[in-house]
Amino acid sequence: MSSLREQLCEYGRRAVELGLVIGTSGNLSVREGNLVAVTPSGAALDRLTPEMCPIVDVEGYLVEGDLQPSSETPMHLAVYETTDARAIVHTHSVFGTIVATTMTELPPVHYNALLLGGVVKVAEYATYGTPELAANVRAAMEGKKAALMANHGGVTVGATLEEAFEATRLLEWLCEVYVRGLSVGKPAILTDEQLNAVVERALNPPAFPRRL
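As a starting point, this report considers the structure included with it. (Residues numbered from 1 in each chain as written. Predicted model: local features only at pLDDT ≥ 70, side-chain atom pairs only at ≥ 80, totals over all residues. Heavy atoms only, no water.)

**Structural notes on empty space enclosed by the protein**
- Within the structure shown, the criterion is met by 1 cavity of 30 Å³ or more.
- Empty space within the largest cavity amounts to approximately 50 Å³.
- Surrounding the largest cavity, T91, S93, G96, T97, L148, G153, G154, V155, T156, T168 and L171 form its lining.
- It is strand β9 (residues 153–158) that contributes the most residues to the lining of the largest cavity, 4 residues altogether.
- Among the residues making up the lining of the largest cavity, the classes are represented as 3 nonpolar, 8 polar and no charged. (1 Å grid on protein atoms, 1.4 Å probe; cavity = no way out; pocket = protein on both sides within 12 Å on 5 of 7 lines; lining within 4 Å. Points joined across faces, edges and corners; volume = space filled by probe spheres on them. Helix = DSSP H or I, 4+ residues; strand = E, 2+ residues; numbered from the N terminus. Nonpolar A, V, L, I, M, F, W, Y, C, P; charged D, E, K, R; others polar.)

**Re the layout of surface pockets**
- Taken as a whole, the largest pocket encloses approximately 190 Å³ of empty space.
- If you trace the largest pocket, you find 14 residues lining it, with T24, S25, G26, N27 and S71 closest to the centre.
- Here the lining of the largest pocket is built from residues that sort into 2 nonpolar, 11 polar and 1 charged.

**Quick look at the pattern of salt bridges**
- All chains considered together, the criterion is met by 6 salt bridges.
- Across the salt bridge formed by E64 and R5, the nearest N and O atoms sit 3.2 Å from each other. With E64 in strand β4 (residues 62–64) and R5 in helix α1 (residues 2–17), the pair connects residues that are 59 residues apart, well separated along the chain.
- Taking relative accessible area as the criterion, E64 reaches 42% and is therefore assigned partly exposed.
- In this structure, the salt-bridge partner of R14 is E166, at a minimum N-O distance of 3.9 Å. In this pair, R14 sits in helix α1 while E166 sits in helix α5 (residues 161–182), placing the two residues 152 residues apart along the sequence. (Salt bridge = Lys/Arg side-chain N within 4 Å of Asp/Glu carboxyl O. Buried < 20%, exposed > 50% of the residue type's maximum accessible area, 1.4 Å probe, protein only.)

**Examining the packing of α1 against α5**
- Following both chains from N to C, one finds α1 and α5 inclined at 15 degrees, their axes separated by 11 Å at the closest point. Relative to α5, α1 is oriented roughly parallel. Of the two elements, α1 crosses α5, and the hand of that crossing is right-handed. Contacts between α1 and α5 pair Q7, L8, Y11, R14 and A15 from the former with L161, E162, F165, E166 and R169 from the latter.
- Grouping the amino acids of the contact of α1 with α5 by side-chain chemistry returns 5 nonpolar, 1 polar and 4 charged. (Axes fitted to C-alpha atoms, helices over the stretch in contact; angles between N-to-C directions. Parallel < 35°, antiparallel > 145°, perpendicular 65-115°, else oblique. Left-handed = near helix turned anticlockwise from the far one by under 90°. Contact = heavy atoms within 4.5 Å.)

**Digging into a nonpolar patch on the surface**
- On the surface, a cluster of nonpolar side chains totalling about 370 Å² of accessible area is made up of Y111, L114, V199 and L203.
- We classify L203 as exposed; its relative accessible area is 64%. (Patch = residues over 30% accessible without salt bridge, like charges linked within 9 Å, V, L, I, M, F, W, Y side chains within 5 Å. Areas by Shrake-Rupley, 256 points an atom, 1.4 Å probe, with all protein chains shown as cover.)

**Comments concerning the environment of A135**
- Looking at the element boundaries, A135 is found in helix α4 (residues 131–140).
- The sequence separation of A135 and A123 amounts to 12 residues, and the corresponding C-alpha distance is 9.0 Å.

**So, the packing of helix α2 (residues 73–82) against α4**
- At a minimum axis distance of 8 Å, the contact between α2 and α4 shows a crossing angle of 40 degrees. Of the two possible hands of crossing, α2 and α4 adopt the one that is right-handed. Touching P74, M75, A78, V79, E81 and T82 of α2 are A134, V137 and R138, all from α4.
- Grouping the amino acids of the contact of α2 with α4 by side-chain chemistry returns 6 nonpolar, 1 polar and 2 charged.

**Considering the packing of aromatic side chains**
- Overall, the coordinates contain 1 aromatic pair when judged by the stated rule.
- Ring centres 5.3 Å apart and planes at 50 degrees place the aromatic pair Y11 and F165 in the tilted group. Placement of the pair is Y11 in helix α1 and F165 in helix α5, with a sequence separation of 154 residues. (Phe/Tyr/Trp six-rings, centres within 6.5 Å; stacked < 30°, edge-to-face > 60°.)

**Here's the deal with the sheet that holds β9**
- Pairing in this open sheet of 9 strands is mixed, and the strands run β4-β3-β2-β1-β5-β9-β8-β7-β6 from one edge to the other. Edge strands, defined here as strands with exactly one partner in the open sheet, are β4 and β6 (105–106).
- Bridge analysis of strand β1 (residues 27–32) against strand β2 (residues 35–38) gives 4 bridges, and the strand direction is antiparallel. Bridge pairing links R31 to V36 in β2. (Pairing = 2+ DSSP bridges.)

Have a look at this one:
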């Protein structure tokens, strides 16, 4: 798990550098088999060292490490239990949190929303670190790669930590586009027909003739 702990440190630093978290907020985890390496509770993500990151099993028991796992570990484990995710990123990004405090879902204002599963749902509010929040996030994540958490932040998943982190960046970009769009007018929302056309285009790209 040593390399996975190093990845937590790397992407923790990137999350801070990109302004996706502030202070000791946010947490990341990565799974290998029945073990999960997670960022520790109360630690700034840009000051982590690999040995600071505890390891828990999928039932929530501490296996290795001197520090306590993130308070959001139950949420991470709930998502791992019901998805094929191998990495999770949770942030308190500005635009994601704005949407999470004002809306029940983020509509597809750009076709790249399909990379996250389309409409991004906002999980109902519950106190952080509780089984209630874990259940709410798990429900909102069904069939998706991202969810927002009411009055809280966002969470994304991936097959790798890099993939989950890129999903977080995309989620924040989509939220920013929508929020900034509202300052100009009413953002146009892509229809199911338009989104289906994007999928069809991606599955059947045009073949350009080769000049002889």
